[in-house]
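Architecture at a glance
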Amino acid sequence: MNLLDFLKVPLFQRAFLGCLLSGAGLSLLGLVVLNMNLTTIRFALMHIALLGAAVAMVLGFSPLVGAILGIIIASLLLGPAGDYIKVDTGIIGVVFMTGSLGLAFLLFYKAGVPAMDAFALFTGNVLALTNADIWVIAALTLVIIAVFLLFYREIQMLLYNPDLAGSLGVPVKMLRNGLLLLTGLAIGINIRIVGALLIDAAVLLPAIAAMIVSRSLKWTLILSSVFGVISQVGGLMASMIFDLPSGASITLSAVLILCMVGLIQMITKIQIEGGLGK
């Protein structure tokens, strides 16, 4: 089958649409994670997803539903918990990460839950997306884009200097907690697409590539979305053409884009410095 033949199949159409929407909207939150020092948060949410999956399996529900519910609850609690004990959100993420992992393994042992069923979340399968999944991804993408459009100035100040933003009347805690919730939802959705272990490819790598070539928030967001779409859709297409695992293909596409952007930036810098030296 060629690429056009694949795209005639509803299963691949849903996968293509899911990657397109995820890349366009969910990749925007990588900038939030990087600028607000929330890199530990993604590990915490992955481990909480494992705990949520374990709880769901004990109760007889789908592990994926449990994982996403766990991520949502944790996303709502991370910010307020950090404020309550007066530590950085990234630090409280470490507490959530280790605690959730310990509880998950305790459940596996005591309840006789098959751990491998829960760990299957860490691989992902974009081809398993349903129509309901597509609607959820589309809704979340629209919400994320709307938040960045409506609160662009406030987010810009928050990412630049939270203390200054607070002194200027920006509701820093509310905005931060809202972005944390969206980040958690984005991670939960991307677990469905690329798996928990490859989540950085979908959320962080497009933002890192955008930050290499842009210094303004506006263009960093635009480029992050563009790189997100290229990596996810391009990776999916490569997996169809070359018969590769979709999650790994999307990840390697994001890595390739990052390397290419870095190389182009380095060559451009050398050329500029060479021109100035003449």
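So, here is what we can say about the structure in this document. What you see is a predicted model, and the numbers here were worked out from it, not measured in a lab. (Residues numbered from 1 in each chain as written. Predicted model: local features only at pLDDT ≥ 70, side-chain atom pairs only at ≥ 80, totals over all residues. Heavy atoms only, no water.)

**Some points on the overall build of the protein chain**
Going by this rule: Going along the chain from the N terminus, every DSSP run of H or I of four or more residues is numbered as a helix, and every run of E of two or more is numbered as a strand. It is over C-alpha atoms that the radius of gyration is taken, and the globule rule equals 2.2 Å times the number of residues to the power 0.38. We call a residue buried when its accessible area falls under 20% of the maximum for its residue type, exposed when it is over 50%, and partly exposed in between, using a 1.4 Å probe and counting protein chains only. Contacts are assigned to residue pairs that have any heavy atoms within 4.5 Å of one another. Accessible surface area values rest on a Shrake-Rupley calculation with a 1.4 Å probe, where residue burial reflects the displayed protein chains alone. For the purpose of counting charges, residues Lys and Arg are taken to be positive, whereas Asp and Glu are taken to be negative. His and the chain ends are not included. Each charge is placed at NZ for Lys, CZ for Arg, CG for Asp and CD for Glu.
For the protein chain, the helix and strand inventory stands at 15 helices and zero strands. On C-alpha atoms alone, the protein chain measures out to a radius of gyration of 20 Å, which is about the 19 Å that the 2.2 N^0.38 rule sets for 278 residues. Counting only C-alpha atoms, the protein chain reaches 70 × 60 × 30 Å along its principal axes. Scored against the burial criterion, the 278 residues of the protein chain give a buried share of 46%. Summarising the internal contacts of the protein chain: among those between residues at least 6 apart in sequence, 75% fall at separations of at least 24. Counting every atom, the protein chain has about 13800 Å² of accessible surface; 73% of that belongs to carbon and sulfur. Distance between charge centroids for the protein chain: 5 Å, based on 13 positive and 10 negative side chains.

**Re the side chain of Ser214**
Heads up, the condition is: Any N or O atom pair separated by 3.5 Å or less is treated as a polar contact, with the protein-specific requirement of one donor-capable and one acceptor-capable atom, and with residues adjacent in sequence counted only for side-chain atom pairs.
Looking at the element boundaries, Ser214 is found in the loop between α13 (205-213) and α14 (217-242). The exposure class of Ser214 is buried, given its relative accessible area of 8%. Polar side-chain contacts of Ser214 include one of 3.3 Å to the side chain of Thr220. Setting aside residues up to four positions removed in sequence, Ser214 forms contacts with Trp219, Thr220 and Leu223.

**Considerations on the packing of helix α8 (residues 131-150) against helix α9 (residues 152-160)**
Condition: Here the axes come from fitting lines to C-alpha atoms, over the contacting stretch only for helices, and the angles between their N-to-C directions go from 0 to 180 degrees. Each angle gets one of four labels, with under 35 degrees taken as roughly parallel, over 145 as roughly antiparallel, 65 to 115 as roughly perpendicular, and the rest as oblique. Gly falls in the polar group here, along with every residue not listed as nonpolar (Ala, Val, Leu, Ile, Met, Phe, Trp, Tyr, Cys, Pro) or charged (Asp, Glu, Lys, Arg).
With their axes 4 Å apart at the nearest point, α8 and α9 run at an angle of 80 degrees to one another. In terms of their interaxial angle, α8 and α9 are classed as roughly perpendicular. Within the contact between the two elements, α8 uses Val147, Phe148, Leu149 and Leu150 and α9 uses Tyr152, Glu154 and Ile155. Considered class by class, the residues forming the contact of α8 with α9 number six nonpolar, no polar and one charged.

**Regarding the nonpolar core**
To keep things clear, this is the line we draw: The definition of a nonpolar core used throughout is a set of buried Ala, Val, Leu, Ile, Met, Phe, Trp, Tyr and Cys residues joined through side-chain atoms within 4.5 Å.
Grouped together as the largest cluster of nonpolar side chains are 61 residues, with contacts concentrated most on Leu45, Ile144, Phe148, Leu179 and Ile193. The element best represented in this core is helix α11 (residues 172-193), accounting for 10 residues. Listed in part, the nine residues of the second largest apolar core include Leu205, Ala209, Ile257 and Val261.

**Notes on the packing of helix α2 (residues 10-25) against α8**
The following threshold applies: The sense of a crossing depends on the near helix, which, turned anticlockwise from the far helix by less than a right angle, makes the crossing left-handed and, turned clockwise, makes it right-handed.
The contact between α2 and α8 brings their axes to 9 Å, and the two run at 20 degrees. On the basis of the axis angle, α2 is roughly parallel to α8. For the crossing formed where α2 meets α8, the hand is left-handed. Residues Arg14, Leu17, Gly18, Leu21, Ser22 and Gly25 of α2 lie in contact with α8, whose contacting residues are Asn131, Ile134, Ile137, Ala138, Thr141 and Ile144. A breakdown of the residues in the contact of α2 with α8 according to their chemical character gives six nonpolar, five polar and one charged.

**Describing helix α4 (residues 39-59)**
Since the α-helix turns once every 3.6 residues, residues separated by three or four places project in the same direction. What counts is decided by this rule: For a helix, the expected span equals 1.5 Å multiplied by the residue count minus one.
End to end, α4 covers 31 Å across 21 residues, agreeing with the expected 30 Å (1.5 Å per residue, within 8%). Here α4 lies mainly inside the structure; 15 of its 21 residues are buried. At the exit of α4 stands Gly60, carrying a positive phi of roughly 85 degrees.

**Looking at the environment of Leu50**
One can find Leu50 in helix α4. It is 6.2 Å that separates the C-alpha atoms of Leu50 and Ala67, two residues lying 17 residues apart in sequence.

**With respect to the environment of Leu101**
One can find Leu101 in helix α6 (residues 89-110). On a C-alpha basis, the gap between Leu101 and Ser27 in space is 26 Å, while along the polypeptide they are 74 residues apart. When sequence neighbours within four positions are dropped, the list of residues in contact with Leu101 reads His47 and Leu50.

**Notes on the environment of Thr39**
Relative to the helices and strands, Thr39 resides in helix α4. Remark: the alpha-carbon pair of Thr39 and Asp200, spanning 161 residues in sequence, is separated by 9.6 Å. Each residue touching Thr39, except ones within four places of it in the same chain, is listed here: Val33 and Leu34.

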